[in-house]
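These are the residues of each chain, in order.
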Amino acid sequence: MEDQQTVDYFDKYTPEYSVERLEFAIDVIKKHGRENSSLIDIGCGVGNLLAFVKQQTHLTDLCGIDVSRACLQKTREAVGCETFLGSITDGSFVESIPKKFDFVLLMAVLHHLVGRTRKESKARAAYAVKNALELLEAGGRLMLIEPVYYPTIVMDFLFYVKKLVTKMTAKRIEIFGFRNNIGAPVVSYYANEALVDMIERNENCEIETMHFDKEKVTPVQRMGLITRRMDTTIIVRKKD
Ligand SMILES: C[S@@+](CC[C@H](N)C(=O)[O-])C[C@H]1O[C@@H](n2cnc3c(N)ncnc32)[C@H](O)[C@@H]1O
C-alpha cells in the first residue's frame, strides 16, 4: 500500500530536480551501453532525467515508472516514451512489466518509501532495491542515486518530527534549510552504509563503483546538527 500523502505531494508539485546529479551515471551508460541498450527510470517524476539520458547518450529504448499519474503524463509529453503507473514496492506490479533492462535508474526515490518506523522504512527501501534488480538483464547495471546526510541520528529525528507534524497539520513548514518541509511528505534519508547494506542483501549482484558528489552543508543545516551532505551514486552490476 502506498503512502497516499507522498503520491498526493508528487501529483500536486511534480517538481523538476537538477540533472547534474546524473553525470556520473551518464558516463557509465556511455562506457557500457551498446546499440539498442534499454533503460527504465524508477520514480521518473516529470521525465527530466529520461530527457537528459536521451540527449546525452545514444539510448532510445527508454521508459519510466512512477506512482504519480500527473508525473507520468508530463514524462510522456517530455520524452514520448512508455510509462508504467505503479509502485516499486509492489512485487506483482514489478513482475507485470513485460521486459528486462540493461540499465535501471533509481534516483532520489528510496527516501520517499516510508513505513511506520525508520526500521520499517528501511525494509521498504531494501525491497525496492530488490525489485529494481529484478528489472535488470543479467550483466545489466542498477544506478542508485540518493541524497545522503550525516549523522544518522539527525535523520531519525527528522523522520519522527515529520511524522508528528504531518499528523497535526497539512501545512508545509521549512526546517534545517531542507528544500522540502517538515510536514508531508515524510522522508527517511539513509547513510552510505545503509544503502550498501540494502544492496548486499541480494546475492545476484555486486557493487561495481561508488561515487560521492560532496555538497556544502548550509549554515541552517549545521544549526540542525547536520555534519556532512553528499549525493551518492552506486553502480551495481547484476551477475551473469
Ligand atoms: C524526489 S522525486 C525524484 C524524481 C527523479 N527521480 C529525480 O531524481 O529527479 C521522487 C519520485 O519518486 C516517485 N515515487 C515515490 N514513491 C514511489 C514508489 N513507491 N514507486 C515509484 N515511484 C515512486 C515520486 O512520485 C516522485 O516522482
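Definitions and cut-offs
Residues numbered from 1 in each chain as written. Predicted model: local features only at pLDDT ≥ 70, side-chain atom pairs only at ≥ 80, totals over all residues. Heavy atoms only, no water. Helix = DSSP H or I, 4+ residues; strand = E, 2+ residues; numbered from the N terminus. Rg over C-alpha atoms; globule rule 2.2 N^0.38 Å. Buried < 20%, exposed > 50% of the residue type's maximum accessible area, 1.4 Å probe, protein only. Contact = heavy atoms within 4.5 Å. Pairing = 2+ DSSP bridges. Axes fitted to C-alpha atoms, helices over the stretch in contact; angles between N-to-C directions. Phe/Tyr/Trp six-rings, centres within 6.5 Å; stacked < 30°, edge-to-face > 60°. Lys NZ or Arg CZ within 6 Å of the ring centre and 35° of its normal. Near = heavy atom within 4 Å. Polar contact = N/O pair within 3.5 Å; in protein donor to acceptor, adjacent residues only side chain to side chain. Areas by Shrake-Rupley, 256 points an atom, 1.4 Å probe, with all protein chains shown as cover. Nonpolar A, V, L, I, M, F, W, Y, C, P; charged D, E, K, R; others polar.

J.: Requested: an account of the overall build of the protein, with residues and values cited.
T.: Counting secondary structure elements, the protein contains nine helices and seven strands. Taking 240 residues into account, the globule formula puts the C-alpha radius of gyration at 18 Å, and the protein, at 17 Å, falls close to it. Expressed as lengths along the three principal axes of its C-alpha atoms, the size of the protein is roughly 50 × 35 × 30 Å. Looking at the protein residue by residue over its 240 residues, the buried ones come to 55%. Of the contacts formed within the protein by residues at least 6 apart in sequence, a portion of 72% connects residues at least 24 apart.

J.: Outline the sheet that holds strand E4 (residues 101–107), supporting the account with residue identities and numerical values.
T.: The mixed open sheet is built from seven strands, whose spatial order is E3-E2-E1-E4-E5-E7-E6. Since the sheet does not close on itself, it has two edges, and those belong to strand E3 (82–85) and strand E6 (205–214), each with one partner. Neighbour-to-neighbour, the strand axes of this sheet turn through a mean angle of 20°, independent of strand direction. Bridge analysis of strand E1 (residues 38–42) against E4 gives four bridges, and the strand direction is parallel. Following the sheet pairing, Ile 40 is matched in E4 by Val 104. Across the sheet, helix H6 (residues 118–134) touches E1, E4, strand E5 (136–150), E6 and strand E7 (228–238), and the angle it forms with E5 is around 150°.

J.: Account for the packing of aromatic side chains, with residues named and values stated.
T.: Under the criterion given, the structure shown has three aromatic pairs. Pairing Tyr 9 with Phe 10 gives two aromatic rings, centres 5.0 Å apart and planes at 85°, and the pair type is edge-to-face. Residue Phe 10 is classed as buried on the basis of its relative accessible area, which comes to 13%. Both rings, one in Tyr 149 and one in Tyr 189, keep their centres 4.8 Å apart while their planes meet at 65°; by these two values the pair is edge-to-face. Residue Tyr 149 is found in strand E5, and its partner Tyr 189 is found in the loop between helix H7 (152–168) and helix H8 (192–200); the two are separated by 40 residues along the sequence. A relative accessible area of 6% places Tyr 189 in the buried class. Arg 228 extends its terminal NZ or CZ atom over the ring of Tyr 150, reaching a point 4.0 Å from the ring centre.

J.: Run through the site of the ligand, naming residues and quoting values.
T.: Near the ligand, the surroundings consist of 19 residues, among which Gly 43, Asp 66, Ser 87, Ile 88 and Met 107 are the closest. Here an oxygen atom of the ligand sits 3.2 Å away from a polar atom, N or O, in the side chain of Arg 21. Here Ile 88 contributes a backbone N or O atom positioned 3.1 Å from a nitrogen atom of the ligand. Protein burial of the ligand: of its 600 Å² of free accessible surface, 98% is covered by the chains. Here the shell around the ligand is composed, by residue class, of ten nonpolar, six polar and three charged.

J.: Talk me through the side chain of Ser 68; I want residue IDs and the actual numbers.
T.: Mapped onto the fold, Ser 68 is located in the loop between strand E2 (61–66) and helix H4 (69–79). The class of Ser 68 is buried, set by a relative accessible area of 0%. In terms of polar contacts, Ser 68 uses its side chain to reach the side chain of Asp 11, at 2.6 Å. A polar contact of 3.0 Å, which involves the side chain of Ser 68, links it to the backbone nitrogen of Cys 71. If we ignore the near neighbours within four places in the chain, the residues touching Ser 68 are Phe 10, Asp 11 and Leu 85.

Just geometry here; none of it tells us what the structure is for.
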